[in-house]
Amino acid sequence: MFVLHRKAMALYILFVFNQPVSSLFDPMIDPFSPISGNEFSAGTCPGLYCGRVLYNETMPDNSNWTYTECRACPKGERPDEYSICQSCLGDPDLYAWLYLGFMFLITLILHFFFIDHFSKEVKVVILHTSSFIECVTAAIFTLLSVEPVGDLKIQSCKVNMVSDWYTMFSNPTPDYKHKIHCTQEAVYPLYSMVFIFFGYQWVLMVLFRPLLSVKLCKNQGRNSIYAALYFLPILVVIHAVFAGIIYYSFPFVVIVISLITSTIHFLKQQDSLWHIFRGKRNIIILLLHWLIHAYGIISFTELQNLKVHLPLLILVIVPSLFFVLTFKLSEPTRILSFQP
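Throughout this description, residue numbers start from 1 for each chain and increase along the sequence as written. Reporting in this predicted model follows two pLDDT cut-offs: at least 70 for local features of residues, and 80 or more for side-chain atom pairs to be given and counted; totals over whole chains, interfaces and linings ignore these cut-offs and use all residues. Hydrogens are left out, water is left out, and the side-chain values use all remaining heavy atoms of the structure.

Draft legend 1. Local environment of helix α3 (residues 124-145). Only DSSP runs of H or I with at least four residues qualify as helices, and only runs of E with at least two residues qualify as strands; both kinds are numbered from the N terminus onward. The span you would expect from a helix comes to 1.5 Å times its residue count less one. Relative to the 32 Å expected for 22 residues at 1.5 Å per residue, α3 spans 32 Å between its end C-alpha atoms, a close match to the ideal helical length. When a residue's accessible area, from a 1.4 Å probe over protein chains only, is under 20% of the maximum for its type it is buried; when over 50% it is exposed; and in between it is partly exposed. Looking only at α3, the buried set comprises V124, L127, H128, S130, S131, E134, C135, A138, T142 and L143.

Draft legend 2. Up close: the state of the cysteines. Cysteine sulfur atoms are paired as a disulfide whenever they come within 2.5 Å of each other. A complete count under the given rule lists 4 disulfides for this structure. Paired by a disulfide, C45 and C70 hold their sulfur atoms 1.9 Å apart. One quick way to see it: the torsion about the S-S bond of C45 and C70 is about -100 degrees, and its sign makes the bridge left-handed. Here the residue C45 occupies a position in the loop between β1 (35-36) and β2 (50-51), and C70 occupies one in the loop between β4 (66-67) and β5 (71-72), the gap between them amounting to 25 residues. Classification of C45 as buried rests on a relative accessible area of 1%. Taking relative accessible area as the criterion, C70 reaches 6% and is therefore assigned buried. Counting its disulfide-bonded cysteines in sequence order, the protein chain shows a connectivity of 1-3, 2-8, 4-5, 6-7.

Draft legend 3. Representation of a nonpolar patch on the surface within the structure. Residues enter patches when they are more than 30% accessible in relative terms and free of salt bridges; like-charged ones are connected within 9 Å and nonpolar ones (Val, Leu, Ile, Met, Phe, Trp, Tyr) within 5 Å. Exposure was quantified through the Shrake-Rupley algorithm and a 1.4 Å probe, taking into account, for residues, occlusion by the shown protein chains and nothing else. Criterion for a salt bridge: a side-chain nitrogen of Lys or Arg within 4 Å of a carboxyl oxygen of Asp or Glu. Among the surface-exposed residues, W202, V203, V206, L207, F208, Y226 and L229 lie close enough to one another that they form a single nonpolar patch of about 640 Å² accessible area. Contributing elements (two or more residues each) for the nonpolar patch: α4 (192-216) and α5 (222-267). A total of 5 residues in the nonpolar patch trace back to one element, the largest contributor, which is α4. Following the sequence through the fold, W202 ends up in helix α4.

Draft legend 4. Up close: the pattern of salt bridges. Tallying each qualifying case throughout the model produces 4 salt bridges. With its nearest N and O atoms 3.0 Å apart, the salt bridge here joins E69 to R71. Taking relative accessible area as the criterion, E69 reaches 27% and is therefore assigned partly exposed.

Draft legend 5. Spatial organisation of empty space enclosed by the protein. Grid spacing is 1 Å over the protein atoms alone, the probe is 1.4 Å, and a cavity is where that probe fits but cannot get out, while a pocket is an open set with protein on both sides within 12 Å along at least five of seven lines and lining residues have an atom within 4 Å of a point. Grid points are joined across faces, edges and corners, and a volume is the space filled by probe spheres set on the points. Enumeration over the complete set of coordinates arrives at 1 cavity of 30 Å³ or more. Size it by volume and the largest cavity reaches roughly 40 Å³. As for the largest cavity, its lining consists of S258, L259, S262, H289, W290, H293, V316, P319 and S320. Breaking the lining of the largest cavity down by element, the ones donating at least two residues are α5, α6 (280-301) and α8 (318-326).

Draft legend 6. Just the confidence of the model for the protein chain, in detail. Per-residue confidence from the predictor is given as pLDDT, running between 0 and 100. Summarising the model, the protein chain shows a mean pLDDT of 82, and 82% of its residues fall at 70 or more. Here, two residues are considered to be in contact whenever any of their heavy atoms come within 4.5 Å of each other. Every residue in residues 1-23 scores below 50 in pLDDT, and together they form 22 contacts with partners more than four places removed in sequence or on other chains.

Draft legend 7. Local environment of the layout of surface pockets. Computed from the structure, the largest pocket encloses a volume of approximately 1,500 Å³. Residue lining of the largest pocket: 35 residues in total, with F112, F113, D116, I285 and L288 positioned closest to the centre. Among the elements of the structure, α2 (94-118), α3, α5 and α6 are those that each provide at least two residues to the lining of the largest pocket. Throughout this entry, Asp, Glu, Lys and Arg are counted as charged residues, while Ala, Val, Leu, Ile, Met, Phe, Trp, Tyr, Cys and Pro are counted as nonpolar. The remaining residues, Gly among them, count as polar. Taken together, the residues that form the lining of the largest pocket break down as 20 nonpolar, 9 polar and 6 charged.

Draft legend 8. The arrangement of the nonpolar core in detail. Residues Y99, W165, Y247 and F250 are the most contacted members of the largest nonpolar core, which totals 39 residues. Of all the secondary structure elements, the ones that give two or more residues to this core are α2, α3, α4 and α5. The element best represented in this core is α5, accounting for 10 residues. What Y247 contacts, discounting residues up to four positions off in sequence, is D93, Y95, A96, Y99, V159, W165 and L190. C50, C70, I180 and C182 belong to the second largest nonpolar core, which has 5 residues in total. Side-chain atoms within 4.5 Å link the members of a nonpolar core, which is a set of buried Ala, Val, Leu, Ile, Met, Phe, Trp, Tyr and Cys residues.

Draft legend 9. Here's a closer look at the packing of aromatic side chains. Only the six-membered ring of Trp is used, alongside the rings of Phe and Tyr, when aromatic pairs are assigned; centres must lie within 6.5 Å, and planes under 30 degrees apart are stacked while those over 60 apart are edge-to-face, with the rest tilted. Summed over all chains, the structure comprises 18 aromatic pairs. Residues Y191 and F195 carry aromatic rings whose centres are separated by 5.1 Å and whose planes lie at 80 degrees to one another, so their mutual orientation is edge-to-face. Joined through ring pairs, the aromatic side chains of Y95, Y99, F102, W165, Y191, F195, Y247, Y248 and F250 make up one cluster.

Draft legend 10. Representation of α5 within the structure. Counted at 1.5 Å a residue, the expected span for α5 with its 46 residues is 68 Å, but the 28 Å between its end C-alpha atoms falls short. Consider a residue and the seven residues that end there alongside the seven that start there; fitting an axis to each set, the bend is the angle between those axes. Along its length, α5 reaches its greatest deviation from straightness, about 85 degrees, at F242.

Here it is as structure tokens:
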């Protein structure tokens, strides 16, 4: 146990405090000065995220290229194995899209929850529809705002490790005196576009939902709007600090939250648990829980092997059936009746 604790502490220190230096970095190259050339056999900058930017393509003899000193790469670029900043032109993989979808869903679900909590009349569907349109519109505006601008398609840098989200911990000091600041968005645009989405969503909500609440819903949406004005900044702070951790853990978070919220909903059905399968409202809530659970399973497996992973989606109904069939065995009144 002590050995495992020491290894865990060592990994933590390496992740947070270590300033990585590329094993292929040529120590004979000065990272603080520009260089010329068009062929390199090793990295020309220390650190994982320091790179050089091309600023003169040809020399007088038309044979060499000139690069800046080691620095942070511009937005939308990332250093290659030779520490030369290259534009990120790849498409996001399925897992990256699922992560962005998770950030969309968590915002939409919070809107639905607070609207349902504070508004009780039938016209609440107007507020639900408004929040859904706001989130979808904000997502479209976000996609149009990142490179390539004006296109729903996005170009993304590949995520390789957790430290890609926390490049501020990887600023090297090659001479033990002068630090090279290479903090950048190595996962562009997965980090910044979530902030853009929250900003658009906040603006759209403030512009339209108060008017709908006053004119069509007898001001029932007031408290849910106040709640959004609190939870949106909280989501911004959480994303700013824990984005990398969330990226790698959100499939587990989705499944666990789905199980917990399903249980809470079931426990509210005090008359009969079979009521969760009756009534339009209960059926909608149940189906939403199943969809969220399925989203977590898809995010976890990425459906890489359809023959194995696709049948796993049947598991979304298992928690509901298990709770219904075993509820009477754990009913508090039954347990208390056996106490002396």
